[in-house]
Amino acid sequence: MSVYENARELGEELSELRRALHREPELGLDLPRTQGRVLAALDGLPLEISTGKALTSVTAVLRGGRRDARGPGRAPAVLLRGDMDALPVQEDTGLDYASRMPGAMHACGHDLHVAGLVGAARLLAGRRAELPGDVVFMFQPGEEGMGGAKIMIDEGVLDAAGDRVVAAYGLHVFSTVLPRGVAVTRPGPVLAASDAVTVTVRGRGGHGSSPHAAKDPVTAVAAMVTALQTMVTRDLDALDPAVVTVGSLHAGSAGNVIPETAVFEATVRSFSEDARRRVRAGIERVLRGIAAAHDVAVDIDHVEQYPVTVNDGAEAAFALDTARDLFGGARAVEAPRPMSGSEDFSFVLRHVPGAFLGLGACPPGVDPATAPMNHSPRAVFDDAVLPDAAALLAELAARRLDRAEATP
């Protein structure tokens, strides 16, 4: 029986796990219930399991049965990753397994990632005797802005099997854009870098009828928000772009009061380190220039969150070939351009070659072009892709170990 056929037999079990996770989502780095469900799901498999110190991660190592076939020395290892945390979103799907936790929801599909990785562990454990090396399963909290991957790297996940893993693969489901069951990736940049910017403008308060006697931070902020959009289109190469979006702006408490301060927050996305540096410098220059022109003070807190997620070219081609072999050519496509979302799997790919893939999970009968997107309170993902995710991850690991064994 093929890996894909075995994966389909696990479909109901993986769906039950996914829905149990969906009912009880947890946020951030501390996910005790989620960690417990993962440990229970892995119980009985021939795995070496450890848990995190600074976060509730789970790292499991499967030792291949043919790992000594190359003679003395340590065997190669491949890493597979699944993120476990949810979002601070109030669910509005009406599903019978909807979140029971107020203000928390698996709106980004991480519950499917966990179930898919558990499925891959089961599939590979069943083929342990055939593996010429080891597999590291990385169950990671804190992907949503907490940098959980970086913490797990600091705690040694890349070396959990002994030596540094030779390759790493991650997978992300999408409730929109992609048809169900279609896998996608590309060589080079696949997801954007993400920065967070908080800007505080400090003026002098006063009466709204006499702005000349005050220093109005509101008009300065209005000019800043508009000027940032112009800066992006004029300072950066159109073929190496960046996105600056102001999502939060707060000032004042009454229409006839000029406030002392105004604050706005923005997200910045870029696809190269050069663009990232240029947009940061541009933000600094534009905001300080406008502040000077309005005779107000400005504080800029610019935090670099996640770097660009960059796929190794050879690993991306290998991942697409593997998906085509599993699913057929129509269900494995190369993305023409990166996506502007960001991922902390980028930290893993800074240390080892690998690839990050997308997998369509839009429910049947729903148009992917108009379906609620990831992070929406109405985002719905189809459990039918769980065997696809499990089989693809398992096959990537098995084939990559075979390739490592064949390399002198």
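Residues numbered from 1 in each chain as written. Predicted model: local features only at pLDDT ≥ 70, side-chain atom pairs only at ≥ 80, totals over all residues. Heavy atoms only, no water.

Participant: How would you summarise the side chain of S194 if you had to cite specific residues and measurements?
Facilitator: Mapped onto the elements of the fold, S194 is located in strand 8 (residues 193–202). A distance of 2.9 Å separates the side chain of S194 from the side chain of Q305, its partner in a polar contact. Non-local contacts of S194, meaning those with residues more than four positions away in its chain, are made with T267, V268, R269, R276, E304, Q305, Y306 and S342. (Helix = DSSP H or I, 4+ residues; strand = E, 2+ residues; numbered from the N terminus. Polar contact = N/O pair within 3.5 Å; in protein donor to acceptor, adjacent residues only side chain to side chain. Contact = heavy atoms within 4.5 Å.)

Participant: Report on the UniProt feature "binding site: Mn(2+)" (unreviewed entry) in the protein, specifying residues and quantitative values.
Facilitator: According to UniProt, the "binding site: Mn(2+)" (unreviewed entry) feature falls on C108, H110, E144, H172 and H375. Spatially, the listed residues are clustered: although they cover 268 residues, their C-alpha atoms lie within 13.0 Å of one another. Within the secondary structure layout, H172 lies in strand 5 (residues 167–174). Apart from the residues lying within four places of it in its own chain, the contact partners of H172 are C108, H110, H113, E343, F356, L357, G358, L359 and N374. With near-sequence residues (within four places) excluded, H375 lies in contact with L87, V89, A107, C108 and E144. (UniProt positions renumbered as here; feature names shortened; annotations may be inferred.)

Participant: Account for the packing of helix 6 (residues 217–235) against helix 7 (residues 273–294), naming residues and giving values.
Facilitator: At a minimum axis distance of 9 Å, the contact between helix 6 and helix 7 shows a crossing angle of 145°. Read as a crossing pair, helix 6 and helix 7 show a hand that is right-handed. Residues T219, A220, A223, M224, A227, L228, M231, V232 and D235 of helix 6 touch helix 7, and the partners they reach there are R278, V279, G282, I283, R285, V286, L287, I290, A291 and H294. Of the residues assigned to the contact of helix 6 with helix 7, the class counts are 13 nonpolar, three polar and three charged. (Axes fitted to C-alpha atoms, helices over the stretch in contact; angles between N-to-C directions. Left-handed = near helix turned anticlockwise from the far one by under 90°. Nonpolar A, V, L, I, M, F, W, Y, C, P; charged D, E, K, R; others polar.)

Participant: Can you lay out the nonpolar core for me, pointing to particular residues and giving the numbers?
Facilitator: Counting residues in each nonpolar core, the largest one holds 63 residues, and the members touching the most others are L42, L80, L124, V135, F137, F139 and L392. The greatest single-element share of this core, amounting to eleven residues, is contributed by helix 10 (residues 386–406). Setting aside residues up to four positions removed in sequence, F139 forms contacts with V38, L42, S57, V58, G82, M84, V114, L117, V118 and M152. (Core = buried A, V, L, I, M, F, W, Y, C linked by side-chain atoms within 4.5 Å. Buried < 20%, exposed > 50% of the residue type's maximum accessible area, 1.4 Å probe, protein only.)

Participant: Lay out helix 2 (residues 11–23) with the relevant residues and their values.
Facilitator: Relative to the 18 Å expected for 13 residues at 1.5 Å per residue, helix 2 spans 18 Å between its end C-alpha atoms, a close match to the ideal helical length. Taken together, the buried positions of helix 2 are G11, L14, S15, L17, R18, A20, L21 and H22. The inward-facing, buried residues of helix 2 contact helix 1 (3–9), helix 3 (32–42), helix 4 (110–126) and helix 10. (Expected span 1.5 Å × (residues − 1).)

Participant: Give me the environment of V257: which residues, what numbers.
Facilitator: With respect to the helices and strands, the residue V257 is situated in strand 11 (residues 257–258). In the structure, V257 is positioned 51 residues away from G206 in sequence and 6.1 Å away in space, judged by C-alpha atoms.

Participant: With reference to specific residues and values, describe the sheet that holds strand 8.
Facilitator: Strands sit in the order 10-12-8-13 across an open sheet of four strands; the sheet is antiparallel. Looking at which strands have only one partner, the edges of the open sheet turn out to be strand 10 (242–251) and strand 13 (297–306). This sheet shows a mean twist of 15° between the axes of neighbouring strands, independent of strand direction. Running at roughly 165° to strand 13, helix 7 makes contact with strand 8, strand 10, strand 12 (261–270) and strand 13 of the sheet. (Pairing = 2+ DSSP bridges.)

Participant: Which residues make up unusual backbone geometry, and what values go with them?
Facilitator: Phi at V177 is positive, roughly 70°, even though this residue is not glycine. Considering the arrangement of structural elements, one finds V177 in the loop between strand 5 and strand 6 (183–185). With a phi angle near 85°, H375 is a residue other than glycine that sits in the positive phi range. With respect to the secondary-structure elements, H375 resides in the loop between strand 16 (354–360) and helix 10. With relative accessibility at 38%, the residue H375 sits in the partly exposed group.

Participant: Could you give an account of the pairing of strand 2 (residues 58–62), with specific residues and numbers?
Facilitator: Extensive coverage of strand 2 is indicated by the burial of five of its five residues. Judged by which residues are buried, strand 2 turns out to be covered on both faces: V58, A60 and L62 on one side and T59 and V61 on the other are all buried. As paired strands, strand 1 (residues 47–51) and strand 2 are joined by five bridges and run antiparallel to one another. Paired with T51 across the two strands is V58, which belongs to strand 2.

Participant: So what about the packing of helix 2 against helix 3? Which residues, and what values?
Facilitator: Closest axis-to-axis distance for the helix 2/helix 3 pair is 10 Å, and the angle between their directions is 165°. In this view, helix 2 runs roughly antiparallel relative to helix 3, as classed from their interaxial angle. Pair helix 2 / helix 3 crosses with right-handed handedness. Between helix 2 and helix 3, the contacting residues are L17, A20 and L21 on the first element and T34, R37 and A41 on the second. Taken together, the residues that form the contact of helix 2 with helix 3 break down as four nonpolar, one polar and one charged. (Parallel < 35°, antiparallel > 145°, perpendicular 65-115°, else oblique.)

Participant: Describe the pattern of salt bridges, with residues and values.
Facilitator: Summed over all chains, the structure comprises 32 salt bridges. Across the salt bridge formed by D134 and R63, the nearest N and O atoms sit 2.8 Å from each other. Placement of the pair is D134 in strand 4 (residues 134–140) and R63 in the loop between strand 2 and strand 3 (77–83), with a sequence separation of 71 residues. The residues D134 and R63 share a single accessibility class, namely buried. Here R285 makes a salt bridge to D235, at a shortest N to O gap of 2.5 Å. (Salt bridge = Lys/Arg side-chain N within 4 Å of Asp/Glu carboxyl O.)

Participant: Residues and numbers for the side chain of E315, please.
Facilitator: Topologically, E315 is positioned in helix 8 (residues 313–327). Among the polar contacts listed, one links the side chain of E315 to the side chain of R403, at a separation of 3.1 Å. Here E315 is in contact with A167, Y169, P353, G354, A355, R400 and R403, once residues within four sequence places are set aside.

Participant: Go over the environment of Y169 with me, naming the residues and quoting the values.
Facilitator: Along the chain, the position of Y169 falls in strand 5. Among all residues touching Y169, those that are not within four sequence positions of it are V78, L79, L80, R81, E315, F318, F345, A355, L396 and R400. A polar contact of 2.5 Å, which involves the side chain of Y169, links it to the side chain of E315.

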